[in-house]
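# Coordinate analysis (summary)
Here are the chains, one letter per residue:
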Amino acid sequence: MARRKIAMIGGGQIGGNLALLAAQKELGDVLIYDIAKAEGMIKGKALDIMQLRPHDGYDVNLEGSSDPESLTNSDVIIITAGIPRKPGMNREDLLEINLGIIKDVAEKVKTYAPNAFVIVISNPLDAMVYAFYKASGFKSNKVVGMAGALDSARFRTFIAMETGFSVQDVSCMVLGGHGDSMVPITRLATVGGVPVTKLISPERLEAIVERTRFAGGEIVKLFGNGSAFYAPAQSAIEMAESYLRDKKRVIPCASYCQGEFGINGYFIGVPSVIGSGGVEQILEFDLTKDEQNALLSTLEKVKKTVQGTGL
Ligand code: APR
C-alpha cells in the first residue's frame with residue numbers, strides 16, 4: 001500500500017514537533033507547509049528530521065514547502081498556522097489575527113486537499129475549528145479540534161504527580177471549550193479503576209482542577225514568549241493515528257455537536273470516536289446537574305467567541 005501523507009500547515013513550534021512525531025510513528029510521508037517567509041525554516045526542519053531517521057531506520061520522507069499545491073493528496077492535515085499567546089493574553093485575544101489566517105488556510109485546503117481529515121490546533125480553538133468548517137465547506141465528520149486530548153493529558157499528569165502512581169493508569173476526561181472554563185469531570189477520574197475522589201482530598205482535587213484549567217497559561221508565563229508545543233503535538237498525533245489506522249479511539253475532541261449534551265451547531269470538547277470515517281460518533285452520557293451547568297456556561301463562552309468570527 002502506498003504511504004499515507006500527513007501535512008502540517010504551520011511549521012513553527014508545534015508544527016515542527018508534529019512532523020517529528022508523525023515520522024517517528026511512521027504515520028506516512030510528512031509535508032511541512034508554511035508561508036514563503038518561513039520557507040527556509042521548514043525546509044531546514046524537514047531535512048533535519050530526514051537525517052534523524054537512519055538511527056531508527058524508518059523510511060518515511062519529509063518535505064518543507066510554501067507552495068500550496070504541495071498539499072495535494074494529503075490524507076491528514078494538522079493546522080497550527082497562526083500566532084501563539086504571550087503572557088497576559090487569553091486564547092480569545094488571538095481571534096482577529098488567527099481568523100484571517102484560518103480563512104486563508106481553509107481556501108487552500110479546499111482547493112488542494114478536499115478529502116483530507118483536518119485537525120485544527122490554532123487558538124482560540126473552538127472558534128478556529130468552527131471557522132475552518134464554515135470557510136472550507138467540509139463535512140463535519142472530517143473536521144475536528146484538538147483540545148480535550150491535551151486538557152485531559154494535563155489533568156492526568158497532575159493526578160499522577162499528586163498520587164505518585166503511574167500516569168499510565170490515570171484515566172479522566174475534560175469536556176467543554178478549550179479555555180479557562182473547561183470542565184474536568186472529577187467524578188469519572190480514576191487511577192487503575194479506583195475513583196480519584198477516594199485517593200485525593202476534595203481541597204487538593206479542586207486545586208488540581210484549577211491548575212488543569214490554567215495549565216496552558218502556566219506554560220505561557222514560564223516561556224515568556226510563546227505557548228506549549230510538545231504535549232499539544234503529541235495529542236494531535238494520537239488523533240491522526242486513530243484516523244489513519246482506524247483505531248476507533250475514544251478521545252475528548254472539539255467535535256461538531258448536533259444535539260449531543262444539548263449542544264447544537266458548535267464544536268466543543270466531547271468524547272469522540274475517531275476512525276477511518278473521521279469523527280464517527282460522539283459518546284453521550286448523563287451528566288450531573290453541576291456538570292451540565294458547567295458545560296452550558298463554557299458553551300456560552302464558546303458561542304461568544306464564535307460570534308466574533310462573523311461566520
Ligand atoms: N499559512 C501557513 N502558515 C502560517 C500562516 C498561513 N497563512 N500564517 C502563519 N503561519 C505559520 C507561521 O509562519 C509560523 O511558522 O504558523 C506558524 C505558527 O508557529 P508558532 O508561531 O511557532 O506557533 P505555535 O507555538 O506552533 O502555535 C501555533 O497553535 O496552540 C496554538 O495558540 C497556539 O495559535 C497558536 C498555534
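Next up on the list: the domain arrangement of the chain. When its domains are assigned, the chain resolves into domain 1 (5-145) and domain 2 (148-307). A separation of 22 Å is found between the C-alpha centroids of domain 1 and domain 2. Tallying the contact residues gives 38 residues for domain 1 and 43 residues for domain 2. Applying the counting rule to domain 1 against domain 2 returns two salt bridges. Here K25 and E241 are joined by a salt bridge, their closest N and O atoms 3.0 Å apart.

On to the site of the ligand. The local shell around the ligand holds 23 residues, among which Q13, I14, D34, D104 and N123 are the closest. Measuring from a nitrogen atom of the ligand, one finds a side-chain N or O atom of D104 at 2.9 Å. Starting from 730 Å² of accessible surface for the ligand in isolation, the protein chains cover 86%. Elements with a minimum of two residues in the shell around the ligand: helix 1 (13-24) and helix 4 (95-112). The dominant element in the shell around the ligand, judged by the number of residues it contributes, is helix 4, at four residues.

Another aspect to go through is the side chain of S152. One can find S152 in helix 6 (residues 148-163). We classify S152 as buried; its relative accessible area is 5%.

Another aspect to go through is the packing of aromatic side chains. Counted under the stated rule, the structure contains nine aromatic pairs. Taking the centre distance of 6.1 Å and the plane angle of 20° together, the rings of Y130 and Y266 count as stacked. Of the two residues, Y130 is situated in helix 5 (residues 125-136) and Y266 in strand 13 (residues 264-275); the sequence distance between them amounts to 136 residues. Assigned by exposure class, Y130 and Y266 land together as buried.

Summarising the element assignment, V306 is placed in helix 10 (residues 289-307). Relative accessible area serves as the criterion here: at 4%, V306 is assigned to the buried category. Residues V306 and P124 lie 182 residues apart in sequence; the distance between their C-alpha atoms is 9.4 Å. Residues contacting V306, with those up to four places away along its chain left out, are D126, A127, Y130 and Y266.

This paragraph deals with helix 8 (residues 215-223). Buried within helix 8 we find A215, G216 and V220. For helix 8, the buried positions fall inside an angular range of 145° around the axis, keeping them on one side. Set apart from the buried face of helix 8 by more than 90 degrees, the exposed residues are K221 and L222. Considering only its buried residues, helix 8 is in contact with helix 6 and helix 7 (202-213).

Another point: helix 5. Along its 12 residues, helix 5 runs 16 Å from first to last C-alpha, staying within 8% of the 16 Å computed at 1.5 Å per residue. Of all 12 residues making up helix 5, 11 are buried, and the element is well covered by its neighbours. Along helix 5, the residues classified as buried are L125, D126, A127, M128, V129, Y130, A131, F132, Y133, A135 and S136. A positive phi of about 75° marks G137, the residue just after helix 5.

Counting buried positions over the 12 residues of strand 13 gives 11, a clear majority of the element. One ladder, built from 10 bridges, connects strand 12 (residues 249-258) with strand 13; its direction is antiparallel. Note that in strand 13 the partner of A254 across the bridge is G269. Linking strand 12 to strand 13, which pair antiparallel, is a turn of five residues; within it G259 sits at a positive phi near 105°. Taken together, the four bridges between strand 13 and strand 14 (residues 278-282) define a ladder with antiparallel strand orientation. Residue pairing for strand 14: V273 is matched across the bridge by Q281. Two successive antiparallel strands, strand 13 and strand 14, enclose a turn made up of two residues.

On to unusual backbone geometry, then. In this structure, the amide linkage connecting N123 to the following residue, P124, adopts the cis form with an omega of -5°. With respect to the secondary-structure elements, P124 resides in the loop between strand 5 (117-120) and helix 5. Backbone geometry at K248 places phi at a positive 60°, although glycine is not the residue there. Within the secondary structure layout, K248 lies in the loop between helix 9 (230-244) and strand 12.

Procedures and definitions
- Residues numbered from 1 in each chain as written.
- Predicted model: local features only at pLDDT ≥ 70, side-chain atom pairs only at ≥ 80, totals over all residues.
- Heavy atoms only, no water.
- Domains from an automatic or database assignment.
- Contact = heavy atoms within 4.5 Å.
- Salt bridge = Lys/Arg side-chain N within 4 Å of Asp/Glu carboxyl O.
- Near = heavy atom within 4 Å.
- Polar contact = N/O pair within 3.5 Å; in protein donor to acceptor, adjacent residues only side chain to side chain.
- Areas by Shrake-Rupley, 256 points an atom, 1.4 Å probe, with all protein chains shown as cover.
- Helix = DSSP H or I, 4+ residues; strand = E, 2+ residues; numbered from the N terminus.
- Buried < 20%, exposed > 50% of the residue type's maximum accessible area, 1.4 Å probe, protein only.
- Phe/Tyr/Trp six-rings, centres within 6.5 Å; stacked < 30°, edge-to-face > 60°.
- Arc of directions from axis to C-beta.
- Expected span 1.5 Å × (residues − 1).
- Pairing = 2+ DSSP bridges.

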